[in-house]
Amino acid sequence: MNKTVKSIREAIELSGLKSGMTVSFHHHLRNGDYVLNMVMDEISALGIRDINVNASSLFDVHMPLIEHIKSGTVTEIATDYISSGLGKHFSKGIMEKPIEFRTHGGRPTDIALGRTPIDVAFIAAPTADTMGNCSGKYGKSACGSLGYAFADAMYAKKVVVITDNLVSYPMQDWSISENFVDYVVSVDSIGDPKGIVSGTTKITRDPVGLVMASHAAKVIEASGLLKDGFSFQTGAGGASLAVAKFLKDIMLREKIEGSFGLGGITGYMVDMLQAGCFRNLLDVQCFDLSAVESLRNDPRHMEISSLQYASVLGRSAAVDSLDVVILGATEIDTDFNVNVHTDSNGYIMGGSGGHSDTAAGAKLSMIIAPMFRARLPIVTDRVNCISTPGKDIDVLVTQGGIAVNPRREELRKKLSEAGLPIIDIHDLKEKTEKITGTPTKLVKGDKVVANIIGREGDLLDRIYNVTD
């Protein structure tokens, strides 16, 4: 038996895809992905309309979606993240139906429960065999973990694997098994692996960023959580990686061996693994090519699905064993609600991803952000969009001081006793506005362009169209 077919078009036809159905994609090739555009072009050419695109994330490389929306090929979108170029179009209200934003844990939960059923899943696989066993660890387009594709493969009615490295059956060390796959298509290229790189993936040299990172590491140390068995997640931005650097120095000095690093894995987290700071890495997504190489070669570096990463559906998830997570914000309000979906002008430029999943699960969830960006203060009376509820945020670290959520009074005392510069969040807001001035309140339109759905399926907030 051989599941290979001649083309993407043939696979679409064999899958039985019809107008009004749902297709899905994963985002492990990030801004280097070619697969979504190739598939949607074929769907459009076949005259199929009214399609719901359920993608774990969307990037500016997917800009051709805008024309498919205008033509009526795409009428609904569900995703966890949208980058700024695409976001500007959606923020202007080009879609009749609001986008549904979920979290990286909420998306696979809703797929598994049938709340967001998938008719045909398209899996971009850097290597696959003729029966559909596939992996992201090998091949010219290697992207590492395929963690966000597991739920799609497991629960979609039909599954199409698209690869640019077709090997004979059976391939070794597969991630997704053939028993979930219906068809396999070999193409010249599924994408550019250099496009998987996220953020800077380099430690900041900015003095302000380094001050914040130093404070953040000291918060972790003073919290009492930094001991043998410590678990940790951070992002790929420069300041977040600087926190990891300071933390690494402390862990090596104090001979602390952590249990695991989690999430989207960077080369710096790999360095911490190799230095003995952690026993394992649990990887749902590789943020750079160093992480891809490590996942391929080091058995301590393990691939996990988004279900295992952050879903509330199972009996446990990795985020529920997390000690500390370092997160970012475009805004945070005096109730500690955080916005990572829109910029200060109300344009969509991101999404929760694992933000609210990890904040809910971690013992200590910390926002690290400057007091202001482009002379707009980070702290506001009410964020334009609630991405992560304030009840799940413990600490805000800025260069102007460290604000602690009032519900964590014991933590505030520990940090104060450690000599850290603690400040009430209202005072931090006032301090910042003395520098920046008081910003003009954003005027929102009256059309809902996106719904923000929480980890457990609750509606957290709505995004309205921009008016300028």
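> Would you mind going over the overall build of the protein with me for this structure?
Helices and strands together make up the secondary structure of the protein, namely 14 helices and 26 strands. The C-alpha radius of gyration of the protein comes to 22 Å, within 12% of the 23 Å expected for a compact globule of 468 residues. The C-alpha extent of the protein, read off along each of the three principal axes, is 70 × 55 × 40 Å. Scored against the burial criterion, the 468 residues of the protein give a buried share of 61%. The contacts of the protein with a sequence gap of at least 6 include a subset with a gap of at least 24, amounting to 72%. Only carbon and sulfur atoms are counted for the fraction: they give 48% of the accessible area of the protein, which is about 17,800 Å². Distance from the positive charge centre (48 side chains) to the negative charge centre (56 side chains) of the protein: 2 Å.

> How do you make sense of the side chain of Thr 103 when you look at a structure like this?
Along the polypeptide, Thr 103 turns up in the loop between β5 (99-101) and α5 (106-112). Judged by its relative accessible area of 1%, Thr 103 is buried. Side chain to side chain, Thr 103 and Asp 357 meet in a polar contact 2.9 Å long. Other than its neighbours up to four places away in sequence, Thr 103 contacts Asp 80, Pro 108, Ser 352, Gly 353, Ser 356, Asp 357, Ile 453, Gly 454 and Arg 455.

> Help me out: how do you make sense of the nonpolar core in this one?
It is characteristic of soluble globular proteins that their nonpolar side chains tend to be buried jointly. By size, the foremost hydrophobic cluster in this structure holds 108 residues, and its most contacted members are Val 23, Met 40, Val 53, Phe 90, Ile 162, Ile 220 and Phe 232. Ranked by residue count, the leading element in this core is helix α8 (residues 238-253), at 7 residues. Ranked by size, the runner-up nonpolar core spans 32 residues in total, among them Leu 322, Ala 329, Ala 359 and Leu 428.

> Sorry if this is basic, but what is going on with the pattern of salt bridges here?
Pairing of side chains with opposite charge becomes possible as their charged atoms draw close. Under the defined criterion, the tally for this structure stands at 24 salt bridges. Across the pair Asp 323 and Lys 363 runs a salt bridge, and its minimum N-O distance is 3.1 Å. With Asp 323 in the loop between α11 (306-310) and β16 (324-327) and Lys 363 in the loop between α12 (355-361) and β19 (364-368), this pair connects stretches of sequence that are 40 residues apart. Given the relative accessible area of 9%, Asp 323 is considered buried. With relative accessibility at 46%, the residue Lys 363 sits in the partly exposed group. In the salt-bridge network here, residues are joined through shared partners; they are Glu 100, Arg 102, Asp 110 and Arg 115.

> Explanation requested: the layout of surface pockets in the structure shown.
Sizing a probe to match a water molecule and rolling it over the atoms shows the empty space that remains. Taken as a whole, the second largest pocket holds about 640 Å³ of empty space. Surrounding the second largest pocket, 27 residues form its lining, Glu 331, Ser 344, Asn 384, Pro 439 and Thr 440 being those nearest its centre. Only β20 (372-373), β21 (376-377), β22 (379-380) and α14 (425-436) provide two or more residues apiece to the lining of the second largest pocket. Within the lining of the second largest pocket, the residues separate by chemical class into 11 nonpolar, 7 polar and 9 charged.

> Explain the packing of aromatic side chains here, please?
The description of two aromatic rings rests on the distance between their centres and on the angle between their planes. All chains considered together, the criterion is met by 4 aromatic pairs. Relative to Tyr 81, the ring of Phe 59 has its centre 5.5 Å away and its plane inclined at 35°; by these criteria the two rings are tilted. Here the residue Phe 59 occupies a position in the loop between β3 (51-55) and α3 (65-71), and Tyr 81 occupies one in the loop between β4 (74-79) and α4 (84-91), the gap between them amounting to 22 residues. Relative accessible area serves as the criterion here: at 25%, Tyr 81 is assigned to the partly exposed category. Grouping aromatic residues by their ring pairs yields a cluster made of Phe 230, Phe 232 and Phe 278. In this structure, Lys 88 is placed above the aromatic ring of Tyr 347, and the distance from its NZ or CZ to the ring centre is 4.2 Å. Above the plane of the ring of Phe 246 lies Lys 245, whose end atom (NZ or CZ) is 5.5 Å from the centre.

> I tried to follow helix α10 (residues 289-297) on my own but got confused; where do I start?
Note that an α-helix has 3.6 residues per turn; residues three or four places apart therefore point the same way. Of the residues making up α10, those classed as buried are Ala 291, Val 292, Ser 294 and Leu 295. For α10, the angular spread of buried residues about the axis comes to 165°, placing them on one side. Against β13 (258-265), α9 (267-274), β14 (278-286) and β15 (301-303) lie the buried residues of α10. The residue sitting at the N-terminus of α10 and contributing the capping side-chain oxygen is Asp 288; that oxygen lies 3.3 Å from the backbone nitrogen of Ser 290.

> Would you take a moment to explain the packing of α8 against α9 for this structure?
The packing of two helices is summarised by the inter-axis angle and the distance between the axes. Between α8 and α9, the shortest axis-to-axis distance is 10 Å and the interhelical angle comes to 5°. When the axis of α8 is compared with that of α9, the two are roughly parallel. Between α8 and α9, the contacting residues are Leu 241, Ala 244, Lys 245, Lys 248 and Met 251 on the first element and Tyr 268, Asp 271 and Met 272 on the second. When the residues that make up the contact of α8 with α9 are grouped by side-chain class, the tally is 5 nonpolar, no polar and 3 charged.

> What's the story with the sheet that holds strand β2 (residues 22-25) in this structure? I'm lost.
Sheet strands pair via backbone hydrogen bonds, and the direction of the pair is either parallel or antiparallel. Sheet architecture is open: 10 strands sit in the order β1-β11-β9-β6-β2-β3-β4-β5-β25-β26, paired in mixed fashion. Two strands in the sheet have a free side with no partner beyond their single neighbour: β1 (4-5) and β26 (459-464). The sheet contact formed by strand β9 (residues 158-163) and strand β11 (residues 183-186) spans 4 bridges and is parallel. Across the sheet, Val 160 pairs through a bridge with Tyr 183, a residue of β11. Here helix α2 (residues 35-45) sits on the sheet in contact with β2, β3, β4, β6 (120-125) and β9, set at roughly 160° to β2.

> Would you mind showing me how to read the environment of Ala 222 here?
Relative to the helices and strands, Ala 222 resides in helix α7 (residues 207-223). In this structure, the C-alpha to C-alpha distance between Ala 222 and Ser 175, residues 47 residues apart in sequence, is 39 Å. The contact partners of Ala 222, leaving out residues within four places of it in the chain, are Lys 414, Leu 415, Ala 418 and Leu 420.

> I keep staring at the packing of helix α1 (residues 8-15) against α2 and nothing clicks. Help me out?
Following both chains from N to C, one finds α1 and α2 inclined at 65°, their axes separated by 9 Å at the closest point. Between α1 and α2 the crossing geometry is right-handed. For the pair formed by α1 and α2, the contact residues are Ile 8, Arg 9 and Ile 12 on the first element and Met 38, Val 39, Glu 42, Ile 43 and Ala 45 on the second.

About the cut-offs
- Residues numbered from 1 in each chain as written.
- Predicted model: local features only at pLDDT ≥ 70, side-chain atom pairs only at ≥ 80, totals over all residues.
- Heavy atoms only, no water.
- Helix = DSSP H or I, 4+ residues; strand = E, 2+ residues; numbered from the N terminus.
- Rg over C-alpha atoms; globule rule 2.2 N^0.38 Å.
- Buried < 20%, exposed > 50% of the residue type's maximum accessible area, 1.4 Å probe, protein only.
- Contact = heavy atoms within 4.5 Å.
- Areas by Shrake-Rupley, 256 points an atom, 1.4 Å probe, with all protein chains shown as cover.
- Lys, Arg positive; Asp, Glu negative; His and termini not counted.
- Charge placed at Lys NZ, Arg CZ, Asp CG, Glu CD.
- Polar contact = N/O pair within 3.5 Å; in protein donor to acceptor, adjacent residues only side chain to side chain.
- Core = buried A, V, L, I, M, F, W, Y, C linked by side-chain atoms within 4.5 Å.
- Salt bridge = Lys/Arg side-chain N within 4 Å of Asp/Glu carboxyl O.
- 1 Å grid on protein atoms, 1.4 Å probe; cavity = no way out; pocket = protein on both sides within 12 Å on 5 of 7 lines; lining within 4 Å.
- Points joined across faces, edges and corners; volume = space filled by probe spheres on them.
- Nonpolar A, V, L, I, M, F, W, Y, C, P; charged D, E, K, R; others polar.
- Phe/Tyr/Trp six-rings, centres within 6.5 Å; stacked < 30°, edge-to-face > 60°.
- Lys NZ or Arg CZ within 6 Å of the ring centre and 35° of its normal.
- Arc of directions from axis to C-beta.
- Axes fitted to C-alpha atoms, helices over the stretch in contact; angles between N-to-C directions.
- Parallel < 35°, antiparallel > 145°, perpendicular 65-115°, else oblique.
- Pairing = 2+ DSSP bridges.
- Left-handed = near helix turned anticlockwise from the far one by under 90°.

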